[in-house]
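# Fold and contact review
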Amino acid sequence: MRRALGTLAVAAALALPAPALAQSATAKPVVGGGSFNTARLLGPGTYSDTVAAGETVYWKVRLAKGQVLRVKATVDTSQIQTDPLADGYDRGLANLNYFLDIFSPLREQLSEESGGAYDEASARLEGSPDAGAKAGTATGPRVLGFEQILATDYNEDKFPAPGEWYVSLNAADSATFPADVPAELPVELDVEVLGQPQASSADFAKALPGPQKQQPASPDTSSGPERLFATADQPADPSLTLALVAVIALVGGLALGALAIVVLGLGRRRT
Amino acid sequence: MDGGGAKLRVLAALWAATCVAALVATPASAQSPPAGTPKILLAFDASGSMAADDGAGTPKIEAAQDAAVDLLGSLPPSTQVGLRVFGGTKPSRPIGPACRDSSLVLPIGPLDRAQAEQQIRSFKAKGRTPIAYALEHAAGDLGTSGPRTIILVSDGKDTCQPPSPCQVAQRIAKGGVEMRIQAIGFNVDQEARRELKCIAQAGGGVYTDADNAQTLKEQLRVLSTRALRQYVPKGKPVRGGPSARQATAIAPGRYLDGMLPDSERWYAVELRRGETLKASASWIPPRRDIADHAQLARGSLDIVTPSFVIPDRQNSSSGGYVFERRGFVSGFGAVSRPIGVGGQADADQPFSQPGRYYIKLALKDSSSKDLFNATGGQPYPVELAVEVLGRHGGTPGPTKGPQPKAPSGPTPAGVASPNEPPATALLILIGGGLAALGFAGGAALRRRRAS
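Cut-offs applied
Residues numbered from 1 in each chain as written. Chains lettered and ligands numbered in written order. Predicted model: local features only at pLDDT ≥ 70, side-chain atom pairs only at ≥ 80, totals over all residues. Helix = DSSP H or I, 4+ residues; strand = E, 2+ residues; numbered from the N terminus. Buried ≥ 20, exposed ≤ 12 C-beta atoms within 10 Å, placed from the backbone. Contact = placed C-beta atoms within 7 Å. Axes fitted to C-alpha atoms, helices over the stretch in contact; angles between N-to-C directions. Left-handed = near helix turned anticlockwise from the far one by under 90°. Nonpolar A, V, L, I, M, F, W, Y, C, P; charged D, E, K, R; others polar. Expected span 1.5 Å × (residues − 1). Pairing = 2+ DSSP bridges.

We now examine the overall build of chain A. Each helix and strand counted, chain A has four helices and 10 strands in total. Along chain A, from the amino end to the carboxyl end, the secondary structure elements read α-β-β-β-β-β-α-β-β-β-α-β-β-α. When burial is assessed residue by residue, chain A has 39% of its 271 residues classed as buried. In chain A, the proportion of contacts linking residues at least 24 apart, taken out of those at least 6 apart, comes to 70%.

Here is the structure:
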């Protein structure tokens, strides 16, 4: 009887409706990374990937000054049973929350900007529980040139500069509704890069004027030799002190060895 | 001098040489993988049907072996991967032994490619297809903690039922979201495809068809990459100092440190005029449920000037909650202004002076010490990325700029620091060794002259 019920449950699982998210014919399969370090580089286009319950997937997009990143993520949730009375229901999976976030090249979550200027850079994916899919769109701010951020009164506490911007999709369960079984869900990602790229380089600072006159205090320590011993205003670098001790030990050992050869050898000659 | 004394001197010299060799060898010694490192177990079909042609003139077993060797060749050497085969050694009858024919030919551990290839090539196609039996053992091979993936490759359905492999997969998956079963059907018929799909779905993974050897190779790579996409902290191990005056000097690059709650880490970066310091930090939860316990924990990242001032400047400091959601890693970033030029050329500006700037990381626990209690006082990994814009085109690289110096304080458990080279102790030992050799040589000379 138990086996028959099990077979029925398996048959029911197989009879689940086909994924509501019809994979676009043009969607290019990719495998996102599990961290900022391993984020997969994407260009504009439509991509297919997966996200597992409890997982965050990272991609990245190269942006130039003047461009805007817009990403739409659609997660196929049709394999998740949403009827609490049905076999295979897991409340953790049924209550997964999906977040799409855009990060600056500094890996900072842009929607966390304290003034709320970049709120659209994060999105919570929405969709009716029985619709079989959830979708959301995140839009980053227009990329500013290095010179616009670093040499002006730019007043936001994030850094929307040219470079590699990160996109993450997080399928989060929670302490209230922990996912007790695994699930890997198909994802479709639409990546748009709007606007014309403009040139901007961090080297712009080389052209900026320096001080009008020589600063009397705080010498430029970057160009001078390292100091081995502490002075009143700067502590000694302990590694340099250790290195000095090591060199003294090496030379001392060499001298001691040589001295031993000489003394012992001469001692014999005298006898 | 007697012979015993000479022997002692030789032994002393050998001892010194051994110590030197040991010190030199220490950094290369193997380390156990960090907690949370993903593990992959390949479960390969070696039943009699795998002897059939794959459609391109190659037996399927050989195509599968080629795909496995290709995969292992593409994985980083540190990957924790193993291989179990089912079928392969027992004839189809008697049924009992044939349905228990599964062996772990490559135990889970870091890759030894030569040994792995030898093991992979060693199995033949023979006997039945005990998928359920192999899955149960595969789950045992992977242990009970951390992200674990079984990648099942088969060309047919289980020929040893009951138990149903689908039900076994369901039972295995009840261990939580960190255990998944992926399935690849290699030239399968409809019935086998249906069963393998059921296994993958019950195991929280996906099913993929592989109609030929090339697709099998590609799918193995895709599934392995997905299995490995956990947030594994990466970077050159470093230990920041406890204060500005004990900051660890670092060059641009990516670093990995460990921090206890309610502690600070300080790093120093030398900046020249016109350069801009850019830093980002991410604290990595060692377990996925950390967010449940420590939602009030906060992290901060500040750039501090040579005058030990934290400028009140937009985006030269950042901070916020570090573990907001399960499975999510956020980041914090800070950037200085171009040092000593443009608007920062005036001496009263915070970024006016070239010199030693500091990066300060702080991890604040809640008042009830939730963060500390969640790990029992173990450090939290933190990734630090440092870049200097305007230096050689702004490209970060650990070889550019000032070289890292020896950090102060002990190295936390599990985080080796390459910034503590054995050079100092090595030189002292070499010095001692030279002295010992000198004495030994002198004594030998004396003895020879005496004779």
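Relative to the elements of secondary structure, A:Ala199 occurs in the loop between β10 (184-194) and α4 (238-270). C-alpha separation for the pair A:Ala199 and A:Phe146, spaced 53 residues apart in sequence, amounts to 9.9 Å.

Packed helices, taken two at a time, are described by their axes: the angle between them and the distance between them. Residue and element names in this part refer to chain B. The contact between helix α2 (residues 60-74) and helix α8 (residues 213-227) brings their axes to 9 Å, and the two run at 40°. Remark: the crossing between α2 and α8 carries right-handed chirality. Note on element contacts: α8 touches α2 through Ala213, Leu216, Lys217, Leu220, Arg221 and Ser224, opposite Ala63, Ala64, Asp66, Ala67, Asp70, Leu71 and Ser74. Each residue belonging to the contact of α2 with α8 can be placed in one class, and the counts come to seven nonpolar, two polar and four charged.

Residues and elements named next belong to chain B. Over its 15 residues, α2 extends 21 Å from the first C-alpha to the last, a length consistent with the 21 Å expected when each residue adds 1.5 Å. Residues of α2 that are buried: Lys60, Ile61, Ala63, Ala64, Gln65, Ala67, Ala68, Leu71 and Leu72. On its buried face, α2 sits against β1 (39-45), β2 (80-86), α4 (113-122), β4 (148-154), β5 (179-186) and α8.

Residue and element names in this part refer to chain B. The sheet built from six strands is open, its strands ordered β3-β2-β1-β4-β5-β6 with mixed pairing. Both edges of this open sheet fall to β3 (102-109) and β6 (204-210), since each of them pairs with a single strand only. Here the strands of the sheet are splayed against their neighbours by 15° on average, with no regard to which way each runs. The pairing of β4 with β5 spans seven bridges and is classified as parallel. Residue Ile151 lies in a different strand from β5, and its bridge partner there is Gln182.

With that settled, consider the sheet that holds strand β3 (residues 45-52) of chain A. Residues and elements named next belong to chain A. Ordered by their spatial adjacency, five strands build an open sheet running β1-β3-β10-β5-β8, and the pairing between neighbours is mixed. The open sheet has two edge strands, β1 (28-29) and β8 (133-139), and neither has a second partner. Both β1 and β3 contribute to a ladder of two bridges, which runs parallel. Paired with Lys28 across the strands is Tyr47, a residue of β3.

Quick reminder: α-helices carry 3.6 residues per turn. Residues three or four places apart thus point the same way. All names here are of chain B. Taking 1.5 Å of rise per residue, the 12 residues of helix α5 (residues 131-142) would be expected to cover 16 Å, and the 16 Å separating its terminal C-alpha atoms lies within 8% of that figure. Among all positions of α5, only Ile131, Ala132, Tyr133, Ala134, Leu135, Ala138, Ala139, Asp141 and Leu142 are buried. Tucked inside the fold, the buried residues of α5 contact β1, β2, β3, β4 and α6 (165-173).

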